[in-house]
Amino acid sequence: MGKPVEFWFEFASTYSYLSAARVDAACAAAGVELRWRSFLLGPVFAAQGMRDSPFNIYPIKGAYMWTDMTRCCADLDLPFSKPSSFPRGSLLAARIAAAHADAPWIGAFVRAVYHANFADDRDIADDAVVTAILNEIGQDAGFVIALATTDTGKAQLRSNTEAALAKGLFGAPSFVVGDTYFWGNDRMDQAIRHAQDS
C-alpha cells in the first residue's frame, strides 16, 4: 500500500460534494488509505484577501459553477439542488468531522451532510439539522456532539485549518499525498494514483 490520501474538505464547498460522494469507494478500490480532513475555508480565503466565496465575489464565475455542478452531478448520478443560501455555515458539522475523523461512520456522516446541503437544501448551519443527520446514520447524536464541542474537539478543527494554511491549501476539495497536493474534484483520481505509486 502506498501513502495515504488526505481528503481536505469544507461542507460549504460545492465541488467537495462531488468528491465526498466518491472518494471513500475510490480509495478502497485502489487499495489506498483515506484520511478525512475537515477544515474551514473562511480563514483560508481571508488569508487571500477575500471575505466571501469567490463564486459570490465574481458573479460570472458563480453562474458558471452552478451550471457546471448541475452537469457534473448528472454525470455522476448525484442528486443536486442549488441551496437557497450559499455558502452555508457548517461549524458544528465541521467540528464533528474533525473530532471524529477516525470513526468508522465518518464517511457516512460527511456524505449525509453534503447531501443535506446540496440535494435536500437543509440548513446544515442549524444544530438541529446536524443532530437529525447523526440520528439518521445511526449515531448517538448527544455523545458525538458533546465530544466535538469540548475544548479539545474545537481545537482539532482549528488545528486542521491552521495546517491547511501551513500546507498552502487555497481551496477545497484538496488532496494531500505526502508533501504533494492536488486541488479540485477533477484531480481526485490523479491524487489516488500518486498515492499508489508513492
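Right above here is the structure, for reference.
Quick caveat: nothing in here was measured; it's all calculated off a predicted structure. (Residues numbered from 1 in each chain as written. Predicted model: local features only at pLDDT ≥ 70, side-chain atom pairs only at ≥ 80, totals over all residues. Heavy atoms only, no water.)

Structural notes on the overall build of the chain
Phase 1: Within the chain, the regular secondary structure consists of 11 helices and four strands.
Phase 2: Relative to its length of 198 residues, the chain is compact, with a C-alpha radius of gyration of 16 Å against a globular reference of 16 Å.
Phase 3: Seen along its three principal axes, the alpha-carbon backbone of the chain occupies a region of about 40 × 40 × 35 Å.
Phase 4: Out of the 198 residues belonging to the chain, those deemed buried represent 48%.
Phase 5: Element-wise, carbon and sulfur atoms account for 51% of the exposed surface of the chain, whose accessible area totals about 9,300 Å².
Phase 6: Measuring between centres, the 17 positive side-chain charges of the chain sit 5 Å from its 22 negative side-chain charges. (Helix = DSSP H or I, 4+ residues; strand = E, 2+ residues; numbered from the N terminus. Rg over C-alpha atoms; globule rule 2.2 N^0.38 Å. Buried < 20%, exposed > 50% of the residue type's maximum accessible area, 1.4 Å probe, protein only. Areas by Shrake-Rupley, 256 points an atom, 1.4 Å probe, with all protein chains shown as cover. Lys, Arg positive; Asp, Glu negative; His and termini not counted. Charge placed at Lys NZ, Arg CZ, Asp CG, Glu CD.)

With respect to the environment of Val110
Phase 1: Relative to the helices and strands, Val110 resides in helix 7 (residues 106-118).
Phase 2: Among the residues examined, Val110 registers a relative accessible area of 0% and is labelled buried.
Phase 3: Along the backbone, Val110 and Leu157 are 47 residues apart, and their C-alpha atoms lie at a distance of 15 Å.

Focus on the layout of surface pockets
Phase 1: For the largest pocket, the calculated volume is near 760 Å³.
Phase 2: Surrounding the largest pocket, 36 residues form its lining, Phe45, Pro54, Phe55, Ala172 and Trp183 being those nearest its centre.
Phase 3: Those elements that place two or more of their residues in the lining of the largest pocket are helix 1 (14-20), helix 3 (41-47), helix 4 (54-57) and helix 5 (59-76).
Phase 4: Its residues assigned to classes, the lining of the largest pocket shows 19 nonpolar, 10 polar and seven charged.
Phase 5: Volume-wise, the second largest pocket comes out at about 170 Å³.
Phase 6: Lining the second largest pocket are 14 residues, with Leu34, Trp36, Ala101, Ala103 and Ile106 positioned closest to its centre.
Phase 7: Those elements giving two or more residues to the lining of the second largest pocket turn out to be strand 2 (34-38) and helix 7.
Phase 8: Among the residues forming the lining of the second largest pocket, the class breakdown is seven nonpolar, one polar and six charged. (1 Å grid on protein atoms, 1.4 Å probe; cavity = no way out; pocket = protein on both sides within 12 Å on 5 of 7 lines; lining within 4 Å. Points joined across faces, edges and corners; volume = space filled by probe spheres on them. Nonpolar A, V, L, I, M, F, W, Y, C, P; charged D, E, K, R; others polar.)

Considering the side chain of Arg37
Phase 1: Its place among the elements puts Arg37 in strand 2.
Phase 2: An unpaired buried charge is present at Arg37: no salt bridge exists, and Glu6, the closest side chain of opposite charge, is 4.6 Å distant. (Salt bridge = Lys/Arg side-chain N within 4 Å of Asp/Glu carboxyl O.)

A look at the packing of aromatic side chains
Phase 1: For the structure shown, the criterion picks out 17 aromatic pairs.
Phase 2: When the centroid spacing of 5.5 Å and the interplanar angle of 20 degrees are considered together, the rings of Phe7 and Phe175 count as stacked. On the criterion of sequence distance, the pair formed by Phe7 in strand 1 (residues 5-9) and Phe175 in strand 3 (residues 174-177) is long-range, its members being 168 residues apart. Neither residue differs from the other here; Phe7 and Phe175 are each classed as buried.
Phase 3: Every member of this aromatic cluster is reached through a ring pair, and the members are Phe7, Phe9, Phe11, Tyr17, Trp36, Trp105, Phe109, Tyr114, Phe118 and Phe175. (Phe/Tyr/Trp six-rings, centres within 6.5 Å; stacked < 30°, edge-to-face > 60°.)

Some points on the nonpolar core
Phase 1: Core analysis: the biggest nonpolar cluster contains 55 residues, and Phe11, Tyr17, Ile96 and Phe109 have the highest contact counts within it.
Phase 2: Ranked by residues supplied to this core, first place goes to helix 7 with eight residues.
Phase 3: When sequence neighbours within four positions are dropped, the list of residues in contact with Phe109 reads Phe11, Ala93, Ile96, Ala97, Val130, Ile133, Leu134 and Ile137.
Phase 4: Grouped together as the second largest cluster of nonpolar side chains are nine residues, Trp8, Phe39, Phe45 and Ala172 included. (Core = buried A, V, L, I, M, F, W, Y, C linked by side-chain atoms within 4.5 Å. Contact = heavy atoms within 4.5 Å.)

A look at the side chain of Ser16
Phase 1: Mapping Ser16 onto the fold places it in helix 1.
Phase 2: On the basis of relative accessible area, Ser16 is assigned to the buried category, the value being 0%.

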